[in-house]
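# Observations on the three-dimensional arrangement
Take a look at the letters that make up each chain.
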Amino acid sequence: MTKSAVDQWDAIVLGGGAAGLFCAGVAGQLGLKVLVLDHAQILGEKIRISGGGRCNFTNLHSSPHYFLSLNPNFAKSALARYSANDFINLVKRYQIAFHEKHQGQLFCDESAKDIIHLLVNECKQGKVRICHPVDIQSVSRTKDTWAVETSMGRQFGTALVLATGGLPVPAIGASAFSLEIAKQFDLAVTEIRPGLVPLSFTDDAFSSMSELSGLSLPVQISAGKKNSAYGSHLFNEDLLITHKGLSGPAVLQASNYWHEGESIQINWAYERDCHSEFLNEDNRLKVVEHHLAEMMPKKLADFFAAQLNFSGRKWTELAKKDRIALANLLNQWSVKPAGTLGWKKAEVMLGGVDTRELDSQSMMSKKHPNLYFIGECVDVTGHLGGHNFQWAWSSAYACARAMAS
Ligand SMILES: Cc1cc2nc3c(=O)[nH]c(=O)nc-3n(C[C@H](O)[C@H](O)[C@H](O)COP(=O)(O)OP(=O)(O)OC[C@H]3O[C@@H](n4cnc5c(N)ncnc54)[C@H](O)[C@@H]3O)c2cc1C
């Protein structure tokens, strides 16, 4: 990109991802002169790879209940002002075909590229200028104007919007830029860690389980401590055993609440009352692993029967305390993950710009007028299932409306 003349904008948006593009489009259509700068060669890469290429763009049930933040009330205002229904109506206007997959999750029928096209087109309608790849070198403030030093020259904006996302998937250009700018302007940033991420294991209990790699089944999973920052949560979702550890929606959800050193609890047969089934005399002639195979995949049934050396035995051959031990093992399996698979495999960043620094109606810094933070860089993280994009849309909309008012 060659250097261009110095220019003046009503708003400069740094980061042309989900939140940045949506904010720019809305602000442009409200009459602001908007510039979007992004360092990526290809725009919207994270959207393109989202939802397995079909972009789970929102969730019918999106509400503050599905978000983690040190201040659980912060997201309320933005989510109320721009809801899942608002974005669904926009998607319908573009005649993008979509379907509900599971628990209110809405996916494009065809491709996530449809959402990128929608965002870019909204920007076009707002006469937004999008420049990429552009190297953003520094940000400073002079009187009432924000100055951004870039590889295409210095740009001036009345408002500056930080929308460079979080740290997941560094290979497609994720960076800590927004967090660094927050710190530069003396804004607090909460502890960050990878979220919606598979968990890895090193202990012996798991080395035998890794032989079951590829197996997927519905479980009930819980993680977190009631008195910790984000509390604890229970999910009924599918779990996937991999050769490195545990993954699948159940584990990704639980990872948001898990902290290093803690155990997670899995109920492998949550739809069955194992205690009464194993003690029921009607079942006394059933072979343990055959009975377990009525509840779960056969390989896993064999695994659990072998764990307590009950393979090939009938219930009648086991003492009551042994039957209870097996019921407890299935209903309250507790395991301590060694860690997560990190930023490379995470879908979101937990933590970010401390919400106490921002006005929840506008996303504007309380200390610095006309400085805004939106999307994933803010300490608001959604559960799996379209809630993270909904936060991008809602926070972007709140910011755009505020800048235009
Ligand atoms: C594999 C994967 C699948 C996902 N699937 C879903 C899903 O189906 N549903 C859902 O709700 N959420 C999903 N997410 C999460 C979702 O993608 C994010 O929550 C969302 O993209 C955040 O929007 P954002 O605009 O804040 O950040 P981003 O969309 O990440 O955009 C940030 C932009 O800033 C640019 N940028 C970064 N650093 C700089 C810098 N230093 N200078 C200039 N530009 C910079 C980037 O190039 C990027 O374009 C998924 C995430 C991943 C990784």
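## Re the overall build of the protein
When you go through the protein residue by residue, the secondary structure sums to 13 helices and 21 strands. In terms of principal-axis extent, the alpha carbons of the protein reach across some 85 × 45 × 35 Å. Out of the 405 residues in the protein, the part that is buried amounts to 54%. Of the contacts made within the protein by residues no fewer than 6 positions apart, 74% connect residues no fewer than 24 positions apart. Counting 39 positive and 39 negative side-chain charges, the protein places the averaged centre of each group 3 Å from the other.

## With respect to the site of the ligand
Around the ligand, 29 residues are found, and the nearest of them are Ala19, Asp38, Ser175, Glu376 and Phe389. The contact in question runs from an oxygen atom of the ligand to an N or O atom on the side chain of aspartate 38, over 2.6 Å. Between an oxygen atom of the ligand and a main-chain N or O atom of asparagine 388, the distance comes to 3.4 Å. In isolation the ligand has 1000 Å² of accessible area, and contact with the protein removes 91% of it. For the shell around the ligand, the elements supplying multiple residues, two or more each, are helix H1 (18-29), helix H2 (45-49) and helix H13 (387-404). Broken down by element, the residue count for the shell around the ligand peaks at three residues, all from H13. Residues that form the shell around the ligand fall into these classes: 10 nonpolar, 15 polar and four charged.

## Brief notes about the sheet that holds strand E6 (residues 105-108)
Spatial strand order, E3-E6-E5: three strands in an open sheet with antiparallel pairing. Bordering the open sheet on either side are strand E3 (56-59) and strand E5 (98-100), each of which pairs with just one other strand. Recorded for the sheet is a direction-independent mean angle of 25° between the axes of neighbouring strands. Relative to the sheet, helix H4 (residues 84-93) contacts E3, E5 and E6, its axis offset from that of E3 by approximately 140°.

## Overview of the domain arrangement of the protein
Taken domain by domain, the protein comprises domain 1 (7-193 + 346-404) and domain 2 (199-340). For domain 1 and domain 2, the distance between their C-alpha centres works out to 39 Å. Each partner contributes residues to the interface: domain 1 has 16 residues there, and domain 2 has 14 residues. For the pair domain 1 and domain 2, the summed buried area comes to about 1100 Å², and 49% of that belongs to carbon and sulfur atoms.

Cut-offs applied
Residues numbered from 1 in each chain as written. Predicted model: local features only at pLDDT ≥ 70, side-chain atom pairs only at ≥ 80, totals over all residues. Heavy atoms only, no water. Helix = DSSP H or I, 4+ residues; strand = E, 2+ residues; numbered from the N terminus. Buried < 20%, exposed > 50% of the residue type's maximum accessible area, 1.4 Å probe, protein only. Contact = heavy atoms within 4.5 Å. Lys, Arg positive; Asp, Glu negative; His and termini not counted. Charge placed at Lys NZ, Arg CZ, Asp CG, Glu CD. Near = heavy atom within 4 Å. Polar contact = N/O pair within 3.5 Å; in protein donor to acceptor, adjacent residues only side chain to side chain. Areas by Shrake-Rupley, 256 points an atom, 1.4 Å probe, with all protein chains shown as cover. Nonpolar A, V, L, I, M, F, W, Y, C, P; charged D, E, K, R; others polar. Pairing = 2+ DSSP bridges. Axes fitted to C-alpha atoms, helices over the stretch in contact; angles between N-to-C directions. Domains from an automatic or database assignment. Buried area = accessible area lost by both parts, 1.4 Å probe.

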